[in-house]
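# Tertiary structure, described
As a plain string of letters, each chain reads:
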Amino acid sequence: MLNAPGPADCWGKLQHQIPGDRTSPVIAWHPLVDHCADVAACLVALLGWRSDGFSPTLLNRRLARLGGLEVLDAIQVARLGVLTGLHDIGKCNRGFQAKRNADQTRWAGHVAEAIDLLETACPLRKDFLVALDLVALIRWGADPSTVCGLVLASISHHGRPAEPSKKGGLRVSLWQTDGDCNPMAEVANLSAATKRWFPQASMPGVLLPEKPAFAHSFAGLVQLADWLGSDRSFFDYGDGSDRWPLALAAAERAVHGIGLDAALAHSGLDHAPTFTDLCDSGYAPRPMQQAVAELALPTQLGSLTLVEDETGAGKTEAALLHFAKLFHAGCVDGLYFALPTRTAALQIQQRVTDMVARLWPGLGRPGVVCAVPGYLRVSEEDGKRLPGFQVLWPDQQRDPQRWAAEHPKRFLAGTVVVGTIDQVLLSALAVDHSHLRAACLLRHLLVVDEVHASDTYMGALLSEVLERHRLAGGHALLLSATLGSAAAATLLGGRRAAVPDLAQASAQPYPLLSVAGQGTTMVPALAHKPPVTMEQRVYLDDASEIARLALDAARTGARVLVLRNTVTGCLAVQLELERQDGGSLLWRVPAADGNLVPAAHHARFAREDREHLDRGIETFFGKHADRRGGLVCCATQTVQQSLDLDADLLITDLCPMDVLLQRIGRLHRHRRNDRSAGFTAPRCVVLIPDQEPADLLDPRGRPRLRHGLGSVYEDLSIIAATWDTLRHHGPFRIPADNRPLVEAATHPTALKLWRELDERWIKHANQQAAIGIQHRQQANGSRSRWDLPFDHPDTRFPSGDLDRRISTRLGDGDRRIEFAVPVPGPFGKRISALTVPAWMLRDVPADESPKMEVDKHRLRLRYCELSLQYDRLGLRREDKEREDDHADA
């Protein structure tokens, strides 16, 4: 509708002359009943409703399974359509309708205002329930609470369970008739319209499920439907004609175009895929890949599979083939590939893009969404964010397949998505739009790579996600090179699962393929590799000696990778390498002016520079690198996963055994005959403290923080057990030794024996146990309560500081500083934004913006009490350097 709505018009959406300025003149509007038709149409389209009939989707079956059913029939879906059509019932109030005018003193919202009326005993409440026809609606459930909970779930479409107004309670005047504005008449009009759209809803049929998880998942689907139904590229404003046929047709186009029904992609994968489809011709599957390829298709009851094999065994390709088989069989409608770090996600996204192109050589190829906040990438195309939430893509077209990539909260709505584990764990937390993430995830094969990297808090959340996924009949695949038996037992069997004793755990086969509830399959290892010589040097605190050791090796022609636990430690060695005049022996990256700039590899770089660094390090340390001449690169955890690097010598800080083995995966990764003399056999130097393990603790058992020991890696008994194993084990035979090495440093019995050696260890063990309990309690207290009815008070989400703390645990509180005009970076690339870790600005108010100073080689961000600088060494604080206590992702 053009122009502004009149006093008697009930509107749902407004278009202002100045986008974002609600006080500017209204130039177009969308009737409320039409908008509600759009959203209801999207909800039923997601569940299988079509203009030419009804065919339940996989998402329908997942939702039904959470409700204890096999499938939702047409009558049940019609009833959910009616309840979805009522999601914006609160917009009928006078205060919301007053937003057609510039006078803000009369304005009101529409979510809390509806809840106020539902929960407050007053004469108007009775009128509201009559207009809503609630008596008829509640007959659709086993008892009134079933449908009331679903109504609340529908009203909670803004991302969190709706709550009453925090101040003042019900404002009766909002719902009273005033002139041409009759709120109760509009409620009745909307309620009647939903019945016209779905006449089947009133037919006799199976009652709607009463299980709490069903209502919570329904809330997420309503949120997804509201995102879709509010997108004007699919649903333009109404023109006064009958909206329902138009809404249903538009919903079909949206669900099909975005790929939420995956119909186009399914049609493009017209045969059961094999490794020949996935990889280059002539590729012979590795043992684990062949074992995964031979897995029988799981039942609709869901599956959980664990792949344990060494780094470089081809687990990524195995996961992609497993997905392709499930997808072709209709067991899943998509893939979410979860990585522990942003660097790993960016690397795997490119690999997945290449493999998807091979699987879908023709029509139907799904785009590969990069689910890393700050990126706008689908497959190999990058978008640019414009004002008003618009995105410009290279071809200047709005391909619906890119829809999921345009906002982090809807990443999981893509068909093939690669991102960080954070996006998955957020689906289990009591934070905004977790229900939306959780509902979208139901369609996917969930692949979690490097599951050993989770701490107690994240491990507890991952278990929650896997349990929900299993209950819905979903499928998950876990990948690990170094998973301890205690963690494996918990993930596969739940928190009460029995852990094998140390001897049994150490003797378990490796590599191993395990399917929850079905047993294990022993898989042959890759071809024998030469043993890795393990050396220990007391250089942990001596950057000068670390640099000297690395340069001495590089002068003989070796490619040397120095891997440190913290950015502070990494930069200390980098500066020492430069001070010792490493010259051409230092890893450098090309700048725009043709010069080569010395750099370190870590996470605190702008997106454009990180990609430049990733390409640069693979150029000199990758499989196809020109190996003429020695070279040294100093890095952090960013290189120990996903990057295909091959070093002749690895120098690494002491770290937990499972992490150490992951790092060793970057040593002699590929067979080659061009290694320099003295480095034809793999050699790893572990940097250790100049003291005994117990001296890492103070008399009270608290860690003496040093280079990530006790901070990045909190449990020093694991560090001590790793250190002790290094002293007594001798060369590492990989993969034969992987299992006993990991168990010796992580098994509860091994740690208990170590902790009993000294009173300090006993105190430290007690502290770690308390921290573990606290983390589990935090995870339990932070999760969204799908075990409780949706309208239970304990399902409400926290707000304010507590909400921020929950999000910050997963990096959701990081601050993204966007530049209106891209600024020059230290390597000649123009950068559009910087992400500042939340902990780096913990003392800076959330609403404080930095002042910016830019020169050719450095960017400075000044806050009132803090200054940050960004240059070739990355982002860091300019105040006195402190040993930071965060892993580098």
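Please refer to the structure placed before this passage.
Everything in this summary refers to the structure shown in the same document. Just so it is clear, the structure is predicted and the values come from calculations on it, not from any experiment. Every chain is numbered on its own, with residues counted from 1 as its sequence reads. Only residues with pLDDT of at least 70 are given local features in this predicted model, and only at 80 or more are side-chain atom pairs given and counted; all residues enter the totals for whole chains, interfaces and linings. Side-chain numbers come from the whole structure's heavy atoms, not from hydrogens or water.

## A word on the pairing of strand E25 (residues 830-836)
When strand E24 (residues 815-824) meets E25, the two strands line up antiparallel, connected through six bridges. Within E25, the position partnered with Glu818 by the bridge is Ala833. Strands qualify as paired when DSSP identifies two bridges or more between them. For helices the rule is a DSSP run of H or I covering at least 4 residues; for strands it is a run of E covering at least 2, with both sets numbered from the N terminus onward.

## Considerations on the pattern of salt bridges
Salt bridges are defined as contacts in which a side-chain nitrogen from Lys or Arg sits within 4 Å of a carboxyl oxygen from Asp or Glu. This structure, assessed with the given rule, holds 50 salt bridges. Across the salt bridge formed by Arg410 and Glu406, the nearest N and O atoms sit 3.5 Å from each other. When sorted by exposure, Arg410 lands in the same class as Glu406, which is buried. Categorising residues by exposure relies on relative accessible area from a 1.4 Å probe, with only protein chains included: less than 20% of the type maximum marks a residue as buried, more than 50% marks it as exposed, and the intermediate range marks it as partly exposed.

## Comments concerning the sheet that holds strand E22 (residues 649-653)
The five strands lie next to each other as E17-E23-E22-E18-E21, forming an open sheet whose pairing is parallel. Each edge of the open sheet carries a strand with a single partner, namely strand E17 (533-537) and strand E21 (631-635). The sheet shows a mean angle of 20° between the axes of neighbouring strands, direction not considered. As paired strands, strand E18 (residues 559-563) and E21 are joined by five bridges and run parallel to one another. From the neighbouring strand, Val560 faces E21, where its bridge partner is Val632. Working rule for contacts: check all heavy atoms of both residues, and any pair within 4.5 Å makes them a contact. Fitted lines through C-alpha atoms give the axes, limited to the stretch in contact for helices. The angle between two N-to-C directions lies from 0 to 180 degrees. Helix H23 (residues 567-579) contacts E18 and E21 of the sheet and is inclined by roughly 150° relative to E21.

## Points about the environment of Lys384
Residue position: Lys384 is located in strand E10 (residues 384-386). When neighbours within four sequence positions are excluded, Lys384 is seen to be in contact with Leu376, Gln390, Val391 and Leu392.

## Observations regarding empty space enclosed by the protein
Sizing a probe to match a water molecule and rolling it over the atoms shows the empty space that remains. A cavity, in this analysis, means grid points on a 1 Å lattice covering only the protein atoms where a 1.4 Å probe fits yet has no way out; a pocket is instead an open set bounded by protein on both sides within 12 Å along at least five of seven lines, and a residue lines either one if it has an atom within 4 Å of a point. Grid points are joined across faces, edges and corners, and a volume is the space filled by probe spheres set on the points. Throughout the structure, instances matching the rule amount to three cavities of 30 Å³ or more. Considering only enclosed or pocket space, the largest cavity measures out at about 90 Å³ in volume. Around the largest cavity, the lining residues are Leu66, Ser427, Ala438, Leu441, Leu442, Val465, Arg468, His469, Ala472 and Trp786. Examining the composition of the lining of the largest cavity, we find that three residues originate from one element, helix H19 (residues 456-471), more than from any other. Three classes are used, and their members are as follows: Ala, Val, Leu, Ile, Met, Phe, Trp, Tyr, Cys and Pro are nonpolar, Asp, Glu, Lys and Arg are charged, and the others, Gly among them, are polar. Tallied by class, residues from the lining of the largest cavity come to seven nonpolar, two polar and one charged.

## Description of the sheet that holds strand E28 (residues 867-871)
Taken in spatial order, the four strands of this open sheet run E26-E27-E28-E29, and their pairing is antiparallel. At either margin of the open sheet sits one strand with a lone partner, and together these are strand E26 (851-854) and strand E29 (874-877). Across the sheet, the mean angle separating the axes of adjacent strands is 20° when strand polarity is ignored.

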